[in-house]
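# Tertiary structure, described
Chain residues, written in single-letter form:
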There are 2 protein chains.
Amino acid sequence: MRRAVLSAAVELLSREGLAGATVAAVARAAGVHETSVYRRWRTRENLILDALTSELDSALPIPDTGRVREDLLAFFDRLARLLGTPQGHALLRLSVERDDTLDDRRGPYWRDRLDRAVVMVRRGVERGELAPGTDPGLLVEAVSGPLFVRALLSRAPLDEALVTGLVDLALDGARPGRPAGT
Amino acid sequence: MRRAVLSAAVELLSREGLAGATVAAVARAAGVHETSVYRRWRTRENLILDALTSELDSALPIPDTGRVREDLLAFFDRLARLLGTPQGHALLRLSVERDDTLDDRRGPYWRDRLDRAVVMVRRGVERGELAPGTDPGLLVEAVSGPLFVRALLSRAPLDEALVTGLVDLALDGARPGRPAGT
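Residues numbered from 1 in each chain as written. Chains lettered and ligands numbered in written order. Predicted model: local features only at pLDDT ≥ 70, side-chain atom pairs only at ≥ 80, totals over all residues. Heavy atoms only, no water.

Chain A goes by TetR family transcriptional regulator in an unreviewed UniProt entry, where it is assigned to Streptomyces griseoviridis.

Next up, the structure:
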């Protein structure tokens, strides 16, 4: 029942936005009683956050190839593709829409998802691929930030060349004398 | 008259959002006739975009110190401070809110503003401070993206340490062996 309700919620959120994802509509789409949904999730807010979390977490596994550049390219390629899908875009838009019932918990939501990605950078520091003073959260922000901005603001394309350019810039910098992508 | 109307529009946009910035309200706040506003700007959309443009362009001059790191720190410190003000935040929120009368022109608006910043990177390449293959737009996105995301999504602080960290990461990269901030 949990999977059916959550996938109905994601489906409705993606297609109709926050306004369309009422508990009644989700219950109807999932073929369960509204009271069962309330019994399990208590509020619409809990249901929506649970749906977003399970959706994005399964779409964004953390790779572990043994090389920091490969890990970052794989992870951020997936993030870019996710933000480029109608569903991913709807989930992102939902995060910036004003809604008094959700406001407090949506900021931490995205922060938590990106916090999971810092482990790739930490492993790179431990293996000596990255400088000991590297700030893992800052590196994750420097690569993910432009992807979110393209999806939300500029509507510029989210492609593999963009992700490769951002990862190599964060690893190698723009100063002369070091070959990129090594 | 132009300055009075534009500053009344920015004031109203910041305080009450898109819905409050009607031509009638702007005209009243500026102490001019509504017909004079329509004569000059023709549509509410033109008025709002003109107000945003003049506000942000005067708040974001492009520095030219002769050193790329100094230029980037000065520019992005200003952008971070601007996004952290209630007014700057309102202008940014406005850019991601759904509004059928504005949708087409707001994406290019932000892209245009950041396009002006690439000249700092180009000068750094010309002076040999940056590698010849540097992508100026990508570097501007890597530094500005996390600032926009913090303002819109994560609500994490926009401080000088963040800007310095992002600029130095984009210039020097995270690989070992090159001192940051030089």
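Structure's up, so let's keep going.
A count of helical and extended segments in chain A gives 10 helices and 0 strands. In chain A, buried positions account for 53% of the 182 residues. Of the roughly 8,000 Å² that chain A leaves accessible, carbon and sulfur atoms contribute 50%. (Helix = DSSP H or I, 4+ residues; strand = E, 2+ residues; numbered from the N terminus. Buried < 20%, exposed > 50% of the residue type's maximum accessible area, 1.4 Å probe, protein only. Areas by Shrake-Rupley, 256 points an atom, 1.4 Å probe, with all protein chains shown as cover.)

On to the packing of helix α9 (residues 136-154) of chain A against helix α10 (residues 160-172) of chain A, then. Residues and elements named next belong to chain A. The contact between α9 and α10 brings their axes to 9 Å, and the two run at 155°. Relative to α10, α9 is oriented roughly antiparallel. Remark: the crossing between α9 and α10 carries right-handed chirality. Every residue of α10 that contacts α9 at Leu139, Ala142, Val143, Pro146, Leu147 and Arg150 is listed here: Leu162, Val163, Leu166, Val167 and Ala170. Taken together, the residues of the contact of α9 with α10 break down into 10 nonpolar, no polar and 1 charged. (Axes fitted to C-alpha atoms, helices over the stretch in contact; angles between N-to-C directions. Parallel < 35°, antiparallel > 145°, perpendicular 65-115°, else oblique. Left-handed = near helix turned anticlockwise from the far one by under 90°. Contact = heavy atoms within 4.5 Å. Nonpolar A, V, L, I, M, F, W, Y, C, P; charged D, E, K, R; others polar.)

With 44 residues of chain A at the contact, the number on the chain B side is 44 residues. Remark: the boundary between chain A and chain B carries 4 salt bridges. In this structure, Glu141 of chain B and Arg150 of chain A form a salt bridge, with 2.7 Å as the shortest nitrogen-oxygen distance. On inspection of chain A and its partner chain B, the count reaches 14 residue pairs in polar contact (both at pLDDT 80 or more). (Salt bridge = Lys/Arg side-chain N within 4 Å of Asp/Glu carboxyl O. Polar contact = N/O pair within 3.5 Å; in protein donor to acceptor, adjacent residues only side chain to side chain.)

Another aspect to go through is the nonpolar core. If you look at the biggest cluster of nonpolar residues, it comprises 122 residues, and the most contacted ones within it are Leu72, Phe76 and Leu147 of chain A together with Leu72, Phe76 and Leu147 of chain B. Those residues in contact with Leu147 of chain B that lie beyond four places of it in its chain are Phe76, Leu79, Ala80, Leu83, Leu158, Leu162, Val163 and Leu166 of chain B. (Core = buried A, V, L, I, M, F, W, Y, C linked by side-chain atoms within 4.5 Å.)

Take the packing of aromatic side chains next. All names here are of chain A. In total, this model carries 2 aromatic pairs over all chains according to the counting rule given. On the numbers, 5.0 Å between centres and 90° between planes, the contact of Phe75 with Phe76 is edge-to-face. Each member of the pair, Phe75 as well as Phe76, is classed as buried. Above the plane of the ring of Trp41 lies Arg40, whose end atom (NZ or CZ) is 5.6 Å from the centre. (Phe/Tyr/Trp six-rings, centres within 6.5 Å; stacked < 30°, edge-to-face > 60°. Lys NZ or Arg CZ within 6 Å of the ring centre and 35° of its normal.)

What follows covers the UniProt feature "DNA-binding region" (unreviewed entry) in chain A. Under the UniProt annotation, "DNA-binding region" (unreviewed entry) lies at residues 22-41 of chain A. Annotation note: span residues 22-41 of chain A, helix share 80%, strand share 0%, distance between end C-alpha atoms 13 Å. (UniProt positions renumbered as here; feature names shortened; annotations may be inferred.)

Topologically, Asp115 of chain B is positioned in helix α7 (residues 103-115). Put simply, Asp115 of chain B and Val140 of chain B are 25 residues apart on the chain and 8.3 Å apart in space, counted from C-alpha to C-alpha.

Residues and elements named next belong to chain B. Position of Arg123 among the secondary structure elements: in helix α8 (residues 118-126). Accessibility expressed as a relative area gives 19% for Arg123, which makes it buried. Side-chain polar atoms of Arg123 contact the backbone oxygen of Pro63, separated by 3.2 Å. For Arg123, the contacting residues outside a window of four places in its chain are Ile62, Pro63, Asp64 and Asp71.

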